[in-house]
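# Coordinate analysis (summary)
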Amino acid sequence: AEHAVPAVVGRELPVPLVTGGRIGYANLDHAASAPCLEAVRDAVNDLLPWYASVHRGAGFASQVCTRVYEGARDVLRSFVGARRTDSVVFTRNTTDALNLLSRALPRGTSVVVFDTEHHAALLPWTTPGVRRLPAPSSAAEAAEALDGALAACPEGPRLAVLTGASNVTGEVWPVAELARVAHRRGARVALDAAQLAPHRPVRIGELGVDYVALSGHKLYAPFGAGALVGRADWLNAAAPYLAGGGATRSVQDRSVEWALGPERHEAGSPNTVGVHALAVACETLAGRWRDVTGHEEVLLRRLRTRLGEVPGLRELALFGAEHDRVGVVSFTVDGQDPGLLAAALSAEHGIGVRDGLFCAHLAVRGLLERAGSDSHRALRASIGLGTAVEHVDRLAAALRGLVTDGPRWRYAQQDGRWAP
Ligand code: PMP
């Protein structure tokens with residue numbers, strides 16, 4: 001209640017969100033998971049009375065759910081502008097989607113990936129032919145490194161793994177440019193769009209990528225559903241990601257004929273409600289991009305300006321402070337423990353940020369070094385549709401107070417985390 005903010009804040013949100021009346025809580029951790037859209041909550045509530053198994057049942061509820069589930073594929077297809085021949089495979093999240101792709105690579109595929117990737121995009125590639133590239137400082141450097149690495153790959157299938165926007169710095173990667181380089185070298189491109197998709201349209205054709213992976217919980221839907229969209233040929237030739245019901249055409253005593261198409265990799269009863277939530281979130285955002293980007297641009301500019309006024313604050317950046325970015329800012333403050341600051345922001349100011357290495361250990365360590373920071377961890381503030389101007393101002397004022405006067409309460413470390 002101490003942090004309750006005026007009712008006007010609700011009207012600052014461009015797309016209605018489920019806040020549970022907790023608008024006073026400043027959720028500056030959208031990059032981890034975004035709050036749920038009201039449209040998504042309503043759609044889920046409407047579906048729940050019809051909740052039933054898909055594909056197999058003849059009953060009316062099963063037919064409804066089958067339509068909803070398959071309809072969601074069409075929504076995802078149009079959300080990313082998929083080609084007619086692309087598959088839309090539903091997964092649990094981006095991590096699951098990229099692991100699925102890693103298992104579907106033809107034998108001997110060479111993979112090139114930048115060290116700066118989130119672990120979800122960095123770690124699934126277990127083929128012997130993985131080349132890791134150091135963090136670049138510019139788009140041109142990234143293109144040159146990618147080109148060189150792909151040129152050095154042996155004959156055979158190749159895959160370049162890129163991120164749309166960094167979960168550490170929010171910087172938007174020059175995907176279209178890098179995809180052109182990759183294609184010239186005969187490589188396919190997989191895009192980790194987990195962090196870009198909630199903020200900007202992700203269009204397969206315009207970016208020139210072959211696969212897109214994304215997560216519903218970063219797109220203003222609840223947890224549990226994500227997707228891999230992309231070229232069907234490798235996916236149809238690969239062993240099923242999961243073996244079980246729904247992924248087969250026919251099973252004989254000693255042989256199994258696996259289905260072709262997305263169901264090949266979706267064995268088991270699927271997450272119809274989650275997939276529906278994801279699809280409704282995509283539909284809602286697709287009709288509101290101007291509102292989304294307009295809202296975030298204003299807030300991001302304000303956030304960075306206000307943070308810049310905090311003494312000793314160092315913002316992390318790969319391509320430079322002026323580079324295009326979505327609403328994610330990571331930073332350290334000289335002489336301050338990021339974990340303690342995060343704990344005090346939460347306990348004393350009702351502000352949720354994240355501290356640590358953000359599942360991108362190599363990226364964050366490299367960025368801290370570049371920034372000349374004295375810290376081994378960072379703080380991250382990330383904004384989105386649930387962010388109001390007051391949240392940004394509260395963060396900056398609270399940080400300034402913590403840095404100049406110290407926390408009001410005493411904190412101790414418990415299991416590696418600070419608590420009051
Ligand atoms: N890639 C990026 C850039 C991310 O920010 C995240 C989530 N932090 C992921 C991949 C993994 O997403 P998920 O946890 O939903 O699988």
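The name given to the chain in an unreviewed UniProt entry is Aminotransferase class V-fold PLP-dependent enzyme, and the organism recorded there is Saccharopolyspora rosea. Here the chain is described in UniProt, under the heading Cofactor (unreviewed entry), as follows: "pyridoxal 5'-phosphate". UniProt, in its Catalytic activity (unreviewed entry) section for the chain, records the words "(sulfur carrier)-H + L-cysteine = (sulfur carrier)-SH + L-alanine".

Taken together, 14 residues surround the ligand, and among them Asn-93, Thr-95, His-118, Asn-167 and Ser-215 come closest. If you list the elements that add at least two residues to the shell around the ligand, you get helix 4 (94–104) and helix 5 (119–122). Looking at the shell around the ligand, its residues break down into four nonpolar, nine polar and one charged.

Right, let's get into unusual backbone geometry. The backbone of Tyr-220 sits at a positive phi, close to 70 degrees, despite the residue not being glycine. Relative to the helices and strands, Tyr-220 resides in the loop between strand 7 (211–215) and strand 8 (226–231). Positive phi, close to 55 degrees, is recorded for Cys-359, a residue that is not glycine.

Most of strand 5 (residues 158–163) sits inside the fold, with six of its six residues counted as buried. Neither face of strand 5 is exposed, since Arg-158, Ala-160 and Leu-162 on one face and Leu-159, Val-161 and Thr-163 on the opposite face are all buried. The sheet contact formed by strand 5 and strand 6 (residues 188–192) spans five bridges and is parallel. Bridge pairing links Val-161 to Ala-190 in strand 6. Handedness of the crossover is the feature at issue here: the chain leaves strand 5, passes through helix 7 (residues 175–184), returns alongside strand 6, and the resulting connection is right-handed.

Attention shifts here to helix 10 (residues 272–286). The end-to-end C-alpha distance of helix 10, which contains 15 residues, comes to 21 Å, matching closely the 21 Å that a straight helix rising 1.5 Å per residue would cover. For helix 10, the buried fraction is high: 13 of the 15 residues fall into the buried class.

Moving on: the sheet that holds strand 14 (residues 354–356). The strand order 11-12-15-14 describes an open sheet built from four strands, whose pairing is antiparallel. Each end of this open sheet is capped by a strand with a single partner; those strands are strand 11 (313–315) and strand 14. Sheet twist, expressed as the mean angle between neighbouring strand axes with direction ignored, is 30 degrees. Taken together, the three bridges between strand 11 and strand 12 (residues 328–333) define a ladder with antiparallel strand orientation. What sits directly across from Leu-313, in strand 12, is Val-333. Strands strand 11, strand 12 and strand 15 (378–382) of the sheet are contacted by helix 11 (residues 289–308), whose axis makes an angle of about 5 degrees with strand 12. Strand contacts of helix 12 (residues 338–349): strand 12, strand 14 and strand 15, with the helix running at about 40 degrees to strand 15, the strand carrying the most contacts.

Below, the discussion takes up the nonpolar core. Core analysis: the largest hydrophobic core is formed by 127 residues, its most contacted members being Ala-160, Val-212 and Ala-281. Inspection of this core shows a minimum of three residues originating in each of domain 1 (8–30 + 289–419) and domain 2 (41–286). Discounting chain neighbours no more than four positions away, the residues touching Ala-160 are Val-112, Leu-146, Leu-150, Leu-178, Ala-182, Ala-187 and Val-189.

Here we come to the domain arrangement of the chain. Under the domain assignment used here, the chain contains domain 1 (8–30 + 289–419) and domain 2 (41–286). Between the C-alpha centres of domain 1 and domain 2 there is a distance of 29 Å. Listed by partner, the interface residues are 28 residues for domain 1 and 27 residues for domain 2. Of all the secondary-structure elements, those providing two or more residues to the side of domain 1 that touches domain 2 are helix 11, strand 12 and helix 13 (361–370). Residue contributions to the side of domain 1 that touches domain 2 peak at five residues, all from helix 13.

Here the focus is the packing of helix 11 against helix 14 (residues 389–405). The contact between helix 11 and helix 14 brings their axes to 9 Å, and the two run at 15 degrees. With respect to helix 14, the axis of helix 11 lies roughly parallel. As helix 11 packs across helix 14, the resulting crossing turns out to be right-handed. Each of Leu-299, Arg-302, Leu-303, Arg-306 and Leu-307 in helix 11 lies in contact with helix 14, whose residues at this interface are Val-389, Val-392, Asp-393 and Ala-396.

Okay, the pairing of strand 15 next. Burial within strand 15 is extensive, with five of its five residues counted as buried. Side chains Ala-378, Arg-380 and Ser-382 of strand 15 all project onto a buried face; the interleaved residues Leu-379 and Ala-381 project onto the opposite face, where all are buried too. Sheet analysis places strand 12 next to strand 15, joined by four bridges and oriented antiparallel. Within strand 15, the position partnered with Phe-331 by the bridge is Leu-379.

Analysis parameters
Residue numbering note: each chain is counted from 1, following its sequence as written. Only residues with pLDDT of 70 or above have their local features reported here, since the model is predicted, and side-chain atom pairs are shown and tallied only from 80 upward, although totals for entire chains, interfaces and linings are computed over all residues. UniProt positions are given in the numbering used here, feature names are shortened, and annotations may be inferred rather than shown by experiment. Residue proximity rests on one test: whether the C-beta atom, placed from the backbone, lies within 6 Å of the molecule or strand. Helix and strand definitions here come from DSSP, where helices need a minimum of 4 consecutive H or I residues and strands a minimum of 2 consecutive E residues; each element is numbered from the N-terminal end. Throughout, the ten residues Ala, Val, Leu, Ile, Met, Phe, Trp, Tyr, Cys and Pro are labelled nonpolar, Asp, Glu, Lys and Arg are labelled charged, and all others, Gly among them, are labelled polar. Counting other C-beta atoms within 10 Å of a residue's C-beta gives its exposure: the residue is buried at 20 or more, exposed at 12 or fewer, and partly exposed in between, where C-beta atoms are placed from the backbone. DSSP calls a pair of strands paired once it identifies at least 2 bridges connecting them. Looking down the strands as they point away from you, a crossover is right-handed if its path from the first strand over the helix to the second goes clockwise. Residue count minus one, scaled by 1.5 Å, sets the expected span of a helix. Helix axes use the C-alpha atoms of the stretch in contact, all axes being lines fitted to C-alpha atoms, and the angles between their N-to-C directions lie in the range 0 to 180 degrees. With C-beta atoms placed from the backbone, a contact is any residue pair whose C-beta atoms sit within 7 Å. When buried Ala, Val, Leu, Ile, Met, Phe, Trp, Tyr and Cys residues are joined through C-beta atoms within 7 Å, the set is termed a nonpolar core. The start and end points of each domain follow an automatic or database-based domain assignment. By the definition adopted for this analysis, an angle is roughly parallel if under 35 degrees, roughly antiparallel if over 145, roughly perpendicular if from 65 to 115, and oblique otherwise. We call a crossing left-handed when the near helix sits turned anticlockwise from the far one by less than a right angle, and right-handed when that turn is clockwise.

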